[in-house]
Amino acid sequence: MLVARDKDRLDELALDLTNKYRVNCEVIVADLATEAGANHVAKRCADDSKPISVLVNNAGFGIKTSFEKTPIAQEEAMLNVLVRAPMLLTHAALSVMRKRGRGHLVHIGSVAAWITSGTYSAAKAWLTTFSESLSVALAGTGVTSTVVAPGFVRTEFQQRAGMKPQDVPNWMWLSARLVAQQAWQDVLAGKTVSVPSLQYKVLSTLTRGLPRPLIRRVSKDVMR
Ligand SMILES: NC(=O)c1ccc[n+]([C@@H]2O[C@H](COP(=O)([O-])OP(=O)(O)OC[C@H]3O[C@@H](n4cnc5c(N)ncnc54)[C@H](OP(=O)(O)O)[C@@H]3O)[C@@H](O)[C@H]2O)c1
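Keep in mind the model is a prediction, meaning the values are calculated, not measured.

Draft legend 1. Expanded view of the overall build of the protein. Scanning the protein from terminus to terminus reveals eight helices and eight strands. In summary, the protein has a C-alpha radius of gyration of 18 Å against a globular reference of 17 Å for 224 residues, a match within 12%. Dimensions of the protein along its principal axes, counting C-alpha atoms only, are 50 × 40 × 35 Å. Looking at the protein residue by residue over its 224 residues, the buried ones come to 41%. With the model as given, the accessible surface of the protein reaches about 12800 Å², and the carbon-plus-sulfur share is 57%. With 28 positive and 18 negative side-chain charges, the protein shows a spacing of 7 Å between the two charge centroids.

Draft legend 2. Spatial organisation of the side chain of Ser204. Tracing the chain through its elements places Ser204 in helix α7 (residues 198-209). A relative accessible area of 3% means that Ser204 is categorised as buried. Among the polar contacts listed, one links the side chain of Ser204 to the backbone oxygen of Lys201, at a separation of 3.2 Å. When near neighbours in sequence (up to four residues on either side) are disregarded, Ser204 contacts Trp114 and Val195.

Draft legend 3. Representation of the packing of aromatic side chains in the model. Following the criterion strictly, the structure yields three aromatic pairs and no others. Geometrically, the ring pair formed by Trp126 and Phe130 is stacked, given 4.7 Å between the ring centres and 20° between the ring planes. Of the two residues, Trp126 and Phe130 both sit in helix α4 (residues 118-137), four residues apart, roughly one turn of that helix. Take Trp126: its relative accessible area is 32%, and that puts it in the partly exposed class. Both rings, one in Phe152 and one in Trp173, keep their centres 5.4 Å apart while their planes meet at 55°; by these two values the pair is tilted. With a gap of 21 residues between them, Phe152 in strand β6 (residues 152-153) and Trp173 in strand β7 (residues 173-174) connect regions that are remote in the sequence.

Draft legend 4. Just the site of the ligand, in detail. Contacts to the ligand come from 25 residues, most closely from Arg5, Asp31, Asn58, Tyr120 and Thr155. Asn58 is positioned such that a nitrogen or oxygen atom in its backbone is 2.8 Å from an oxygen atom of the ligand. Separating an oxygen atom of the ligand from a backbone N or O atom of Gly60 is a distance of 3.5 Å. Protein contacts shield 88% of the accessible area of the ligand, which totals 880 Å² for the unbound molecule. Those elements that place two or more of their residues in the shell around the ligand are α4, β6 and α5 (157-161). The biggest single contributor to the shell around the ligand is α5, with three residues.

Quick notes on the rules
Residues numbered from 1 in each chain as written. Predicted model: local features only at pLDDT ≥ 70, side-chain atom pairs only at ≥ 80, totals over all residues. Heavy atoms only, no water. Helix = DSSP H or I, 4+ residues; strand = E, 2+ residues; numbered from the N terminus. Rg over C-alpha atoms; globule rule 2.2 N^0.38 Å. Buried < 20%, exposed > 50% of the residue type's maximum accessible area, 1.4 Å probe, protein only. Areas by Shrake-Rupley, 256 points an atom, 1.4 Å probe, with all protein chains shown as cover. Lys, Arg positive; Asp, Glu negative; His and termini not counted. Charge placed at Lys NZ, Arg CZ, Asp CG, Glu CD. Polar contact = N/O pair within 3.5 Å; in protein donor to acceptor, adjacent residues only side chain to side chain. Contact = heavy atoms within 4.5 Å. Phe/Tyr/Trp six-rings, centres within 6.5 Å; stacked < 30°, edge-to-face > 60°. Near = heavy atom within 4 Å.

Here it is, written out as structure tokens:
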């Protein structure tokens, strides 16, 4: 089941996956920033006649401008996509997974959750704590919850947010394939937190161990 707003791209991806892996792909066109869109997908996630084994809360976007300069509607849309939609979809999918006694919840967070870089950081911090809490609450049930915290990944993310990828040093970039492969291994191993790549494992261990005032100083202007 593939969810996004762009139907043509979803149909193309569904066809590609069907041809390569001989799987059935269900396409749902929905805007997760809207109540109607998120509710529509949540209803599908709660359908136990076609149970979902793995839910990946991946949709997201960033905002380049500072909080006070960003139109509040854009901030609300980001909060809806990064926080509200994952909460609704997880709640819906979890009901089915608990009945079956198995399933994987996967939340795509970010290393930004551990710094103080605006509302994006705040939303990813929410998702991280949410997923960690679920992981503890679901221990021994057969259902797992993993938060994946990538660093910079070469996707359309930076370009869509109007950020400048050229300002990021080469060694900080990861491929989407590497992130997906390492994250999936961690999901299957039942890990609570997955940080793909050695460089970000080291960086995130340092970040989480450093005093908060220092984090506040270094994270100023990282993303905005
Ligand atoms: N790239 C990075 O450096 C990086 C680093 C850390 C974490 N992340 C996180 O990784 C996740 C995936 O991002 P990405 O890097 O793959 O960015 P991307 O290439 O821009 O992809 C974003 C995806 O989210 C979907 N999406 C965005 N807004 C949506 C909405 N309102 N409703 C439904 N779907 C929506 C997009 O599809 P449509 O536009 O067709 O709706 C697209 O499939 C995000 O949660 C992001 O925060 C990215």
